[in-house]
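Chain by chain, the residues:
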Amino acid sequence: MKFSDILSRQAGFALTSFLLGAWAFYKVNSVSGPAFEPIIAACSNPDYKESMEDFVSKTGYHAYEPLVGLKVFEILVCLITQFLLELRDTYPAGVLTWTGVILAAQPAGVLGIVEAGRNGARGYIRYSVLHGLLAQLFGISVMFPLLWVPAYVLGRGSGPISTPRATAIIPMILPGTILTVAVFSLNTDSYGWTICAGMLGGPIIAMSPVFMWTDKPPTAATVTKEVVHGSISSVQKAYTIVTILGTIVWIIAVYFVYDAYGSAGSFGAIIVKLWSDVWVDANASVAFMTIDTIVLYIAVLLAIAYQNFEKVAKALVLTPFMG
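Conventions adopted
Residues numbered from 1 in each chain as written. Predicted model: local features only at pLDDT ≥ 70, side-chain atom pairs only at ≥ 80, totals over all residues. Heavy atoms only, no water. Helix = DSSP H or I, 4+ residues; strand = E, 2+ residues; numbered from the N terminus. Rg over C-alpha atoms; globule rule 2.2 N^0.38 Å. Buried < 20%, exposed > 50% of the residue type's maximum accessible area, 1.4 Å probe, protein only. Contact = heavy atoms within 4.5 Å. Lys, Arg positive; Asp, Glu negative; His and termini not counted. Charge placed at Lys NZ, Arg CZ, Asp CG, Glu CD. Disulfide = S-S within 2.5 Å. Phe/Tyr/Trp six-rings, centres within 6.5 Å; stacked < 30°, edge-to-face > 60°. Axes fitted to C-alpha atoms, helices over the stretch in contact; angles between N-to-C directions.

Draft legend 1. Structural context of the overall build of the protein chain. Helices and strands together make up the secondary structure of the protein chain, namely 13 helices and zero strands. Here the C-alpha radius of gyration of the protein chain, 21 Å, is about what a compact globule of 323 residues would show, namely 20 Å. Each principal axis of the C-alpha distribution contributes one length, and for the protein chain these read about 65 × 50 × 35 Å. Split into buried and exposed, the 323 residues of the protein chain put 48% on the buried side. In the protein chain, of all internal contacts separated by at least 6 residues, the share reaching a separation of at least 24 is 74%. Charge separation in the protein chain, taken as the distance between the mean sites of 18 positive and 19 negative side-chain charges, equals 17 Å.

Written out as structure tokens, the structure reads:
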């Protein structure tokens, strides 16, 4: 392939993904902006900050835990707590749309951790903490296609990653799934639920890659066949674990759909009813997550397609069966 062809291919994938992210930014703001504005106004109003009881009584919103916002992101934690409460109260659309994002975010998370640690990686993909925080602020369906995928296309490194990074992949991915289970199962009046909601949508999970800040990939002098094999094996194991977890989550989601809409009759009728709940008649939080799910899924496929179209075809075929 000629160098000019490589540049054209890179530009095509990067621009396509960027435009997808830009569209997602516009769409989520048009859908959720009007609903979120009064919540943000209440969360940022100093007149409601005397105590949490004062905030709840004056606004009617759910209590939140400022500590998990690390002070700097207190407004975000306040907003995400109300957001998750609305999802929790909108069954089954809320849990289904959030589950959709989790299913797409798990492989995206593994990809992000791996690519940030490759030798020669440059630009935005190296800064996982920044990416995580921006994804929490603006939505992962915005930041992943808008900035991460173009940076991956234009600045991807090569070679193996370090053993500590490979070992840390699953411990950094699992908390999101664990907290999701907690948020959609605990009593919303409990302090435990409030803590989990703030952690799930706040800065703490997003900042977990900070432990990899000093990590460096193996140098040319230390790269051996054993090192390369070990890196490949560790990453494959991480993807295998994510695949197994994703399949379990997908099966549970399918059960929720059947339990809620099975009485509709035919498969087509079930899909029509589901689409009505997650988009046509959806509240702001559910509509936001529907956009998140669809756009993030497409963006992950774009990242895969840049390297291997056959794997995209495989992913499309397996999605209905494994999520």
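Anyway, onward from the coordinates.
Draft legend 2. Main features of unusual backbone geometry. Between Y91 and the following residue, P92, the backbone shows a cis peptide bond with an omega angle of 0 degrees. Its place among the elements puts P92 in the loop between α3 (74-89) and α4 (93-116). Phi is positive for L70, which is not a glycine, with a value near 55 degrees. Residue placement: L70 occurs in the loop between α2 (52-59) and α3. In this structure, K71 takes a positive phi of about 65 degrees despite not being glycine. Note on K71: relative accessible area 58%, which makes it exposed.

Draft legend 3. Here's a closer look at the environment of I125. By the secondary structure assignment, I125 is in the loop between α4 and α5 (128-138). Taking C-alpha positions, I125 is 7.7 Å from R156, a pair spaced 31 residues apart along the chain. If we ignore the near neighbours within four places in the chain, the residues touching I125 are E115, A116, W148, A151, Y152, G155 and R156.

Draft legend 4. Spatial organisation of the state of the cysteines. Under the defined criterion, the tally for this structure stands at one disulfide. Each sulfur in the disulfide pair C43 and C78 lies 2.0 Å from the other. Of note, the bridge from C43 to C78 carries an S-S torsion of about -70 degrees and is left-handed in sense. On the criterion of sequence distance, the pair formed by C43 in helix α1 (residues 3-43) and C78 in helix α3 is long-range, its members being 35 residues apart. Looking at C196, it has no disulfide partner, and the nearest cysteine sulfur is the one in C78, 17 Å off. We classify C196 as buried; its relative accessible area is 14%.

Draft legend 5. Molecular detail of the packing of aromatic side chains. What the rule picks out here adds up to 13 aromatic pairs. Pairing Y152 with Y306 gives two aromatic rings, centres 6.3 Å apart and planes at 75 degrees, and the pair type is edge-to-face. Separated by 154 residues along the polypeptide, Y152 in helix α6 (residues 140-155) and Y306 in helix α12 (residues 284-307) bring together distant segments of the chain. Grouping residues by exposure puts Y152 and Y306 together as buried. Clustering of aromatic rings is evident, with ring pairs tying together F13, F144, W148, Y152, Y306 and F309.

Draft legend 6. Molecular detail of the packing of α12 against helix α13 (residues 309-322). Two numbers describe how α12 lies on α13: the axes approach to 6 Å, and their chain directions differ by 145 degrees. Facing Y297, L301, I304, A305 and Q307 of α12, the residues of α13 in contact are F309, K311, V312, A315, L316 and T319.

Shape descriptors only; they carry no functional weight alone.
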